[in-house]
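Spelled out from the first residue to the last, the chains are:
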Amino acid sequence: MLSYEVVDHESDIGVIVYGKSYEELFSNAVYAMADLILDVSRMKENKKMHEVISGKTPEDIMVNLLSRILFYLDTYYILYYRITSKYSDGELDAYFYGSEVPEGIEYRNVIKAVTYSDLAVKPEEGYAKIIFDL
């Protein structure tokens, strides 16, 4: 089964990611966003980083997590597309895996921001929904 599917949304792009735990949903969301940006199947994993992402709600953590990935892409040209993590109330302890973006590579989509529009993180229902500002 696919870990995510793209959903139509006015001028933005959205995804529904699947998973039965917070960790699965966060992991699949990272992969989905990265795959919307670049074809991650063609990237060679050569970067690793550890970070603790916090937030008042799982939705805050989702936005903060994906926003951090966009920050590293925009600032250092590193795209993290895989994470392993442990979620506990208000914190996601995550290891990020990714790669430097090769010069001249063509982006599939340029994502400007992660939005709170229609945002849902519901492991008990097996999905999360995220809308990205293009």
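An account of the accompanying structure is given in this report. (Residues numbered from 1 in each chain as written. Predicted model: local features only at pLDDT ≥ 70, side-chain atom pairs only at ≥ 80, totals over all residues. Heavy atoms only, no water.)

## Details of the sheet that holds strand β5 (residues 91–100)
Thought 1: Across the sheet, three strands lie side by side as β3-β5-β4; this open sheet has antiparallel pairing. A strand with exactly one partner marks an edge of an open sheet, and here the two such strands are β3 (47–54) and β4 (78–88). This sheet shows a mean twist of 25 degrees between the axes of neighbouring strands, independent of strand direction.
Thought 2: As defined by bridge partners, β4 adjoins β5 across 10 bridges and the pair is classed as antiparallel. Note on β5: the bridge partner recorded for Ser85 is Ala94. (Pairing = 2+ DSSP bridges. Helix = DSSP H or I, 4+ residues; strand = E, 2+ residues; numbered from the N terminus. Axes fitted to C-alpha atoms, helices over the stretch in contact; angles between N-to-C directions.)

## Some points on the pattern of salt bridges
Thought 1: In this structure the tally under the stated criterion is seven salt bridges.
Thought 2: Linking Glu23 and Lys86 is a salt bridge whose minimum nitrogen-to-oxygen distance equals 3.6 Å. With Glu23 in helix α1 (residues 22–37) and Lys86 in strand β4, the pair connects residues that are 63 residues apart, well separated along the chain.
Thought 3: Arg108 serves as the salt-bridge partner of Asp39, at 3.6 Å between the closest nitrogen and oxygen. Of this pair, Asp39 sits in the loop between α1 and β3 while Arg108 sits in the loop between β5 and β6 (113–114), and the two are 69 residues apart along the sequence.
Thought 4: Connected through shared salt-bridge partners, Asp35, Asp39 and Arg108 make up one network. (Salt bridge = Lys/Arg side-chain N within 4 Å of Asp/Glu carboxyl O.)

## Digging into unusual backbone geometry
Thought 1: Of note in this structure, Tyr77 is not a glycine but carries a positive phi near 55 degrees.
Thought 2: Relative to the assigned elements, Tyr77 resides in the loop between α2 (58–76) and β4.
Thought 3: Backbone geometry at Asp118 places phi at a positive 60 degrees, although glycine is not the residue there.
Thought 4: Inspection of the secondary structure puts Asp118 in the loop between β6 and β7 (120–122).
Thought 5: Among the residues examined, Asp118 registers a relative accessible area of 45% and is labelled partly exposed. (Buried < 20%, exposed > 50% of the residue type's maximum accessible area, 1.4 Å probe, protein only.)

## Overview of the packing of α1 against α2
Thought 1: Where α1 contacts α2, the two axes come as close as 11 Å, and the packing angle between them is 35 degrees. Here α1 and α2 pass one another in a crossing that is right-handed. Packed against α1, whose contacting residues are Tyr22, Leu25, Phe26, Ala29, Val30, Met33 and Ile37, the element α2 presents Pro58, Ile61, Met62, Leu65, Leu66, Ile69, Leu70 and Leu73 at the interface. (Left-handed = near helix turned anticlockwise from the far one by under 90°. Contact = heavy atoms within 4.5 Å.)

## Quick notes on the environment of His50
Thought 1: In this structure, His50 sits in strand β3.
Thought 2: Between the alpha carbons of His50 and Ser21 there is a distance of 20 Å; along the sequence they are 29 residues apart.
Thought 3: Once residues lying within four places of it in the same chain are set aside, the contact partners of His50 are Asp93, Ala94 and Tyr95.
Thought 4: Polar side-chain contacts of His50 include one of 2.4 Å to the side chain of Asp93. (Polar contact = N/O pair within 3.5 Å; in protein donor to acceptor, adjacent residues only side chain to side chain.)

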